[in-house]
Amino acid sequence: MNRILGTLVATALLAATAGAEEVGGFYNVVAPNGADPWVYRHDDGWYYIAYTTGGDVTLRRSRTISALDGGEARVVWRPPAGKPYSRDLWAPEVHFLKGMWYVYVAADDGENANHRMYVLENASPNPLDGEFVFKGEIADPENDRWAIDGSVLTLGAGDAERLYFVWSGWEGTANVDQRIYIAPMSDPATISGPRVELSRPTLAWEKAAGPPTINEGPQPLSRDGRTFIVYSAAGSWSDHYCLGLLSLKPDADLLDPASWTKSPRPVFESGDGVVAPGHCSFTKSPDGSEDWIVYHAAKRAGSGWSRSVRAQPFSWGKDGAPVFGKPIPPARPIPIPSGEPKRLRLEAEQARLEGGARALADPSGSGRSKASLPDAEARAGFDVVVDRVGVYVVAIRYRVDSSARGRRRLSVQVDDQPATRVGLPDSGAGWSNAFARLSLKAGTNRVVLAPESGAAEVDCLDVVLDPN
C-alpha cells in the first residue's frame, strides 16, 4: 500500500498532503482545444466565453480567466437543418447591449462562399437561461457579401451611445482577399448604413501564405478616449498568422477610412515557442486593475487549425496604444489575474501511484518531475482538502503522444462519486491543461485520475480555491 507523504497542514483556507502548495500562478493554456475565443466580463462578475464549435453556439461562464474552459457550459443555440445558416458556425460572440443579450455568429449552408453574419437575441438576465431567438442576417443590404467574424464597437454611453458593426468580408463574390469593414447600427440587430472598408491586406506580413490574403477577426479596443481595432492577418492555416493594429485618430470620424492608421508591423506574433497567435478578444481581471488578451495559437509549428486558447496580461504605451509584448509559452507559469483566488497545486509525482503508474524526472514539469500513466490500469490518487463544500474547477496539466490514434480521455473520480470523463486533446509540442468541475466536500477528498485508453503524462493538479 502506498503511504501518504508528509502530514496534513492546517490553514485558514485548506489543508493538504505533502506535494501540495498554495500557488499564485498558472500555466498559459486556458482551453486545450479551441479557436476564435470570445470573452466578455459582465457586471454580475461572470466571464462569458464562446469558441468556434462548427455546429452550435456553446456559452460558458467562469469566475476566472485562468480556468476559462472549466466554466459551466450550455448549448444555447443549434440551427435547424436545411437553412442558409445551418453549417460551419464560426467565431460566436456574446454581447450585452441595450439591456439584452446578443450573439453574433458566422454560418453558411455548407458552402464557404455563402458565409454570412447572423444575430440572436435573448432577454433573460442570464444568457445561459431563457432562449436565444434567431433575428436573421445582419448585413449591409446594398453589399450582401461573404462575411465572418462580426463584432460590435460601442462609443459613448446612455442616450449618446452609438453602435457600429465591424467584420471581415469579401469585396465581391470571389475569394481573393478578406478586408475589414465597418457600418453604423440603428440597433443591436440592424446595420443602418453602407459598409466602409477600413483595411485590406497590403503589407508583406499581412499577405503571407496567400492567396487568398487575410485581414479578419476585428476586435474593437478602447481606453481613455482612444479607439483601436486589433485584427488577425496572414493565412490562418499558416505559421505566419499574427495580429495587426488599426488606430483611430482622436476625435475623428470612424466611418472615414482616412481616420484610421495601420501599424506597419505586427503587434503580436510568433515567438518563444508560441506559433501563430491570432483571433483575440479583450477583458479585465476580476478586480478590474489589469487588461488581458485572450487568443488562440497553433499547438505546434505546422499544425494549422489545430489550436488551443491562451491568455496573458498586456499594458499601454505612452502614446495610448496597447502593448501586447510577446506571447507567453505554456512552459512558463505566469501570475493569475489580479483578484482571482489562488490555487492548490498537487504534484502528480507525489500522488499515490498504482497499477503501473510511476514518477519520472522531467525538467519541464512544475516540480521538475511528472507521473507517467501508461495504460488504463494506471492510477494517480490525490488527497484534496478544502474548507467548503462546493463545485471546484480543477486544471490537469497533461501531455499525450500526438502521433497516437483515437481520442484520449481521463477518468476523474472523487471518492465514490460517478467518474467525470475529461478529454485530452492533442497537447501540441509540450504540456497543456484540461479542466473539470468536481463536487468536493469540506475536508479530505480522494481524487483519482486514470486514462480510459492509451497513455498520458500528468504533471500536476491545480484546484481553484473558490467554489463556483
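Residues numbered from 1 in each chain as written. Predicted model: local features only at pLDDT ≥ 70, side-chain atom pairs only at ≥ 80, totals over all residues. Heavy atoms only, no water.

Brief notes about the overall build of the chain
Check the secondary structure of the chain and you find 0 helices and 37 strands. A compact globule built from 468 residues should have a C-alpha radius of gyration of about 23 Å, and the chain, at 23 Å, falls within 12% of that. The C-alpha extent of the chain, read off along each of the three principal axes, is 75 × 50 × 45 Å. Out of the 468 residues belonging to the chain, those deemed buried represent 57%. Pairs at least 24 apart in sequence give 60% of the contacts found in the chain among residues at least 6 apart. Looking at the chain as shown, the accessible area adds up to about 18800 Å², and 49% of this sits on carbon and sulfur atoms. Put simply, the chain has 50 plus and 58 minus side-chain charges, and the middle of one group is 4 Å from the middle of the other. (Helix = DSSP H or I, 4+ residues; strand = E, 2+ residues; numbered from the N terminus. Rg over C-alpha atoms; globule rule 2.2 N^0.38 Å. Buried < 20%, exposed > 50% of the residue type's maximum accessible area, 1.4 Å probe, protein only. Contact = heavy atoms within 4.5 Å. Areas by Shrake-Rupley, 256 points an atom, 1.4 Å probe, with all protein chains shown as cover. Lys, Arg positive; Asp, Glu negative; His and termini not counted. Charge placed at Lys NZ, Arg CZ, Asp CG, Glu CD.)

A word on the pairing of strand S34 (residues 420–423)
In summary, the side chains of a regular strand alternate between the two faces of the sheet. Pairing analysis gives 4 bridges linking strand S33 (residues 409–414) to S34, with the strands arranged antiparallel. Bridge pairing in S34 places Ser411 opposite Arg421. The antiparallel pairing of S33 with S34 creates a hairpin that spans 5 residues between the two strands, and Asp415 there sits at a positive phi of about 50°. (Pairing = 2+ DSSP bridges.)

Concerning the side chain of Ser369
Considering the arrangement of structural elements, one finds Ser369 in strand S30 (residues 369–373). Taking relative accessible area as the criterion, Ser369 reaches 18% and is therefore assigned buried. What Ser369 contacts, discounting residues up to four positions off in sequence, is Glu349, Leu360, Ala361, Asp362 and Asp459.

Brief notes about the pattern of salt bridges
Throughout the structure, instances matching the rule amount to 30 salt bridges. Of the charged contacts, one joins Arg60 and Asp69 as a salt bridge, the two residues approaching to 3.5 Å between their closest N and O atoms. Each member of the pair, Arg60 as well as Asp69, is classed as buried. A salt bridge links Glu197 to Arg200, with the shortest nitrogen-to-oxygen separation between them at 2.7 Å. On the accessibility criterion, Glu197 (23% relative accessible area) is partly exposed. Given a relative accessible area of 35%, Arg200 falls into the partly exposed group. The network of salt bridges with shared partners includes Glu171, Asp177, Arg179, Glu197 and Arg200. (Salt bridge = Lys/Arg side-chain N within 4 Å of Asp/Glu carboxyl O.)

Things to note about unusual backbone geometry
Geometrically, the link from Gly210 to Pro211 is a cis peptide bond, its omega value of 0° lying close to zero. With respect to the helices, strands and loops of the structure, Pro211 is situated in the loop between strand S17 (196–199) and strand S18 (215–223). The residue after Pro211, namely Pro212, is reached through a cis peptide bond having omega -5°. A positive phi angle, close to 75°, is found at Ala234, a residue other than glycine. You can see Ala234 is positioned in the loop between strand S19 (226–233) and strand S20 (242–248). Relative accessible area serves as the criterion here: at 0%, Ala234 is assigned to the buried category.

A word on the sheet that holds S34
Spatial strand order, S28-S31-S36-S33-S34: 5 strands in an open sheet with antiparallel pairing. Every other strand in the sheet has two partners, leaving strand S28 (352–354) and S34 as the edge strands with one partner each. Each strand axis lies, on average, 25° off the axis of its neighbour in the sheet, ignoring direction. Direction of pairing for strand S31 (residues 379–386) relative to strand S36 (residues 443–451): antiparallel, over a ladder of 7 bridges. Bridging across to S36, Ala380 finds its partner in Leu449. (Axes fitted to C-alpha atoms, helices over the stretch in contact; angles between N-to-C directions.)

Description of the nonpolar core
Judged by nonpolar contacts, the single largest core of 34 residues is most densely connected at Phe382 and Val384. Elements with a minimum of two residues in this core: strand S27 (343–347), S30, S31, strand S32 (390–399), S33, strand S35 (432–440), S36 and strand S37 (456–464). Setting aside residues up to four positions removed in sequence, Val384 forms contacts with Leu344, Leu346, Leu440, Gly443, Thr444, Asn445, Val447, Leu461 and Val463. Leu97, Tyr104, Ala106 and Trp146 belong to the second largest nonpolar core, which has 20 residues in total. (Core = buried A, V, L, I, M, F, W, Y, C linked by side-chain atoms within 4.5 Å.)

As for the confidence of the model for the chain
Here the chain averages 93 in pLDDT, while 95% of its residues score no lower than 70. Every residue in residues 1–18 is under pLDDT 50, and counting partners more than four places away or in other chains gives 33 contacts. (pLDDT = per-residue confidence, 0-100.)

Remarks on the sheet that holds strand S25 (residues 322–323)
Strand order in the open sheet formed by 4 strands is S22-S23-S24-S25, with antiparallel pairing between adjacent strands. In this open sheet, the two edge strands, each paired with only one partner strand, are strand S22 (275–284) and S25. Bridge analysis of strand S24 (residues 307–316) against S25 gives 2 bridges, and the strand direction is antiparallel. Along S25, the bridge assignment pairs Ser315 with Val323.

Re the packing of aromatic side chains
Per the stated rule, a full pass over the model turns up 20 aromatic pairs. Look at Phe314 and Trp316: their rings are 5.6 Å apart centre to centre, the planes differ by 55°, and that puts the pair in the tilted class. You'll find Phe314 and Trp316 in the same group, each marked buried. In textbook terms, an aromatic cluster arises when at least three aromatic residues are bridged by ring pairs, as seen for Phe228, Phe268, Phe282, Tyr295, Phe314, Trp316 and Phe324. Here Arg61 stacks its cationic end above the ring of Trp46, 4.2 Å away from the centre of that ring. Lying over the aromatic face of Tyr181, Arg195 brings its terminal NZ or CZ to 4.1 Å of the ring centre. (Phe/Tyr/Trp six-rings, centres within 6.5 Å; stacked < 30°, edge-to-face > 60°. Lys NZ or Arg CZ within 6 Å of the ring centre and 35° of its normal.)

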